[in-house]
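# Architecture and fold: a report
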Amino acid sequence: MSLPATGAATLAPRRSSRFVAWVRAWRAGLVPFDEVAESIAGDEEHLVADAPGTWTDVPLRDALPTLAKLTPDEIRLVLPAPGDPRGLPGPGDFAGAALLAGEAVVAGGLGFIPEVRTHTSGSGMTWETVLWRVYPLPSDAPKASLAAPGAAEAEAELAAALAETTAALTRLDVAQWRPELAGALAALRRPDGATDLPPGFDPRARRLFARAAVLDRVLALAGHSAPGGAINNYEAQQRDAALRPLTTACRQALVAACNAPLRP
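First, a word on scope: everything that follows refers to the structure included in this document.

### Concerning the side chain of aspartate 84
- With respect to the helices, strands and loops of the structure, aspartate 84 is situated in the loop between β3 (75-78) and α4 (93-101).
- The buried category is assigned to aspartate 84, whose relative accessible area is 13%.
- Looking at aspartate 84, its side chain comes within polar contact range of the side chain of arginine 251, at 2.9 Å.
- Not counting residues within four places of it along the chain, the set of residues in contact with aspartate 84 comprises Thr248, Arg251 and Gln252.

### Comments concerning the nonpolar core
- Among the nonpolar cores identified, the biggest contains 57 residues, and Phe19, Val23, Val48, Leu64, Leu67, Phe112 and Leu158 are the most heavily contacted of them.
- In terms of residues, this core owes the most to one element, helix α9 (residues 233-258), which gives 10 residues.
- Sequence-distant contacts of leucine 67, defined by excluding residues within four places in its chain, comprise Phe19, Val23, Trp26, Arg27, Ala107 and Phe112.
- Val78, Leu88, Phe94 and Ile113 belong to the second-largest nonpolar core, a separate cluster that totals 11 residues.

### Let's talk about the packing of helix α1 (residues 15-27) against helix α2 (residues 33-41)
- Contact geometry of α1 with α2 gives a least axis separation of 9 Å together with a crossing angle of 175°. Comparing their axes, α2 and α1 come out roughly antiparallel. On the side of α1, the interface is formed by Arg18, Phe19, Trp22, Val23 and Trp26, while α2 contributes Phe33, Glu35, Val36, Ser39 and Ile40.
- Its residues placed into classes, the contact of α1 with α2 shows seven nonpolar, one polar and two charged.

### Observations concerning the sheet that holds strand β2 (residues 58-59)
- Read across the sheet, six strands follow the order β2-β1-β6-β5-β4-β3 without closing on themselves; strand pairing throughout is mixed. Whereas interior strands pair on both sides, the edge strands pair on one side only; in this sheet they are β2 and β3.
- With two bridges joining them, strand β1 (residues 45-49) and β2 adopt antiparallel strand pairing. Bridged to leucine 47 within β2 is proline 59.
- Strands β1, β3, β4 (104-107), β5 (110-120) and β6 (126-136) of the sheet are contacted by α1, whose axis makes an angle of about 165° with β3.
- Together, β4, β5 and β6 form the strand contacts of α4, whose direction differs from that of β5 by roughly 50°.

### Looking at the packing of aromatic side chains
- Within the structure shown, the criterion is met by four aromatic pairs.
- Between phenylalanine 19 and phenylalanine 112, the aromatic rings sit 5.2 Å apart at their centres with planes inclined by 40°, giving tilted as the arrangement. Taken together, the residues phenylalanine 19 in helix α1 and phenylalanine 112 in strand β5 connect sequence positions 93 residues apart.
- Its relative accessible area of 0% is what places phenylalanine 19 among the buried residues.
- The residue whose ring lies beneath arginine 27 is tryptophan 26, and the NZ or CZ to ring-centre distance is 4.8 Å.

### Considerations on the environment of valine 106
- Relative to the assigned elements, valine 106 resides in strand β4.
- For valine 106, a relative accessible area of 2% gives the class buried.
- When the C-alpha atoms of valine 106 and leucine 88 are compared, they prove to be 8.2 Å apart, with 18 residues separating the residues in sequence.
- Leaving out residues up to four positions away in the same chain, valine 106 has contacts with Glu74, Ile75, Arg76, Val78, Gly87, Pro89, Phe94 and Leu137.

Rules and cut-offs
Residues numbered from 1 in each chain as written. Predicted model: local features only at pLDDT ≥ 70, side-chain atom pairs only at ≥ 80, totals over all residues. Heavy atoms only, no water. Helix = DSSP H or I, 4+ residues; strand = E, 2+ residues; numbered from the N terminus. Buried < 20%, exposed > 50% of the residue type's maximum accessible area, 1.4 Å probe, protein only. Polar contact = N/O pair within 3.5 Å; in protein donor to acceptor, adjacent residues only side chain to side chain. Contact = heavy atoms within 4.5 Å. Core = buried A, V, L, I, M, F, W, Y, C linked by side-chain atoms within 4.5 Å. Axes fitted to C-alpha atoms, helices over the stretch in contact; angles between N-to-C directions. Parallel < 35°, antiparallel > 145°, perpendicular 65-115°, else oblique. Nonpolar A, V, L, I, M, F, W, Y, C, P; charged D, E, K, R; others polar. Pairing = 2+ DSSP bridges. Phe/Tyr/Trp six-rings, centres within 6.5 Å; stacked < 30°, edge-to-face > 60°. Lys NZ or Arg CZ within 6 Å of the ring centre and 35° of its normal.

In structure tokens:
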């Protein structure tokens, strides 16, 4: 069942981006602790596994004090992909799990990776919980691997990749096999400036996050197989090639926005 065009680009951004943005704002003294866990979780249930000092899964709110001594700059979003491990602090269990998940949080000497778990009740109802698994990070991680583009650079790269990819998708007639993308692309062309970022982020970071978060959902839709086998393998390969540069630019834009310097 396809998503409606009007809602195709309005779903929540990656969970790690919300975690980083709100925890950084808390550690900068810009939002109270009582708002952080709820703002990250929204209407989901979020638990944390393997947090220091705990013996079982605990609610997200109970695990956040583990980060109470960190500065905002010690908390960063990473969105690695196969062949592009930027942001990962060296090889290890955390790096492998982060590459598999496609998203993670680096917070001082700890790494957090969200796992979505689906549950089914006896009556057939399904619901999801999010489990943040905590990993200790290597103490000798090379600092150079943590480098990422700034917001200005990421914004320019995203704009260029968006123009190129939109033209390519138009030539491929992507709207024919994913009609809901028409609404998503239209929303991307006229972002209203709304953002889920907390206080402290400057206008450029907010604009970049708003656009990249919408685009992230567009790419998720475009990358999935079309309903009813609307495209063949050759067309799917063309689609993937067209999306690849934009996917990279979008990931880096989200990273740059969420890791941007905070201002009072």
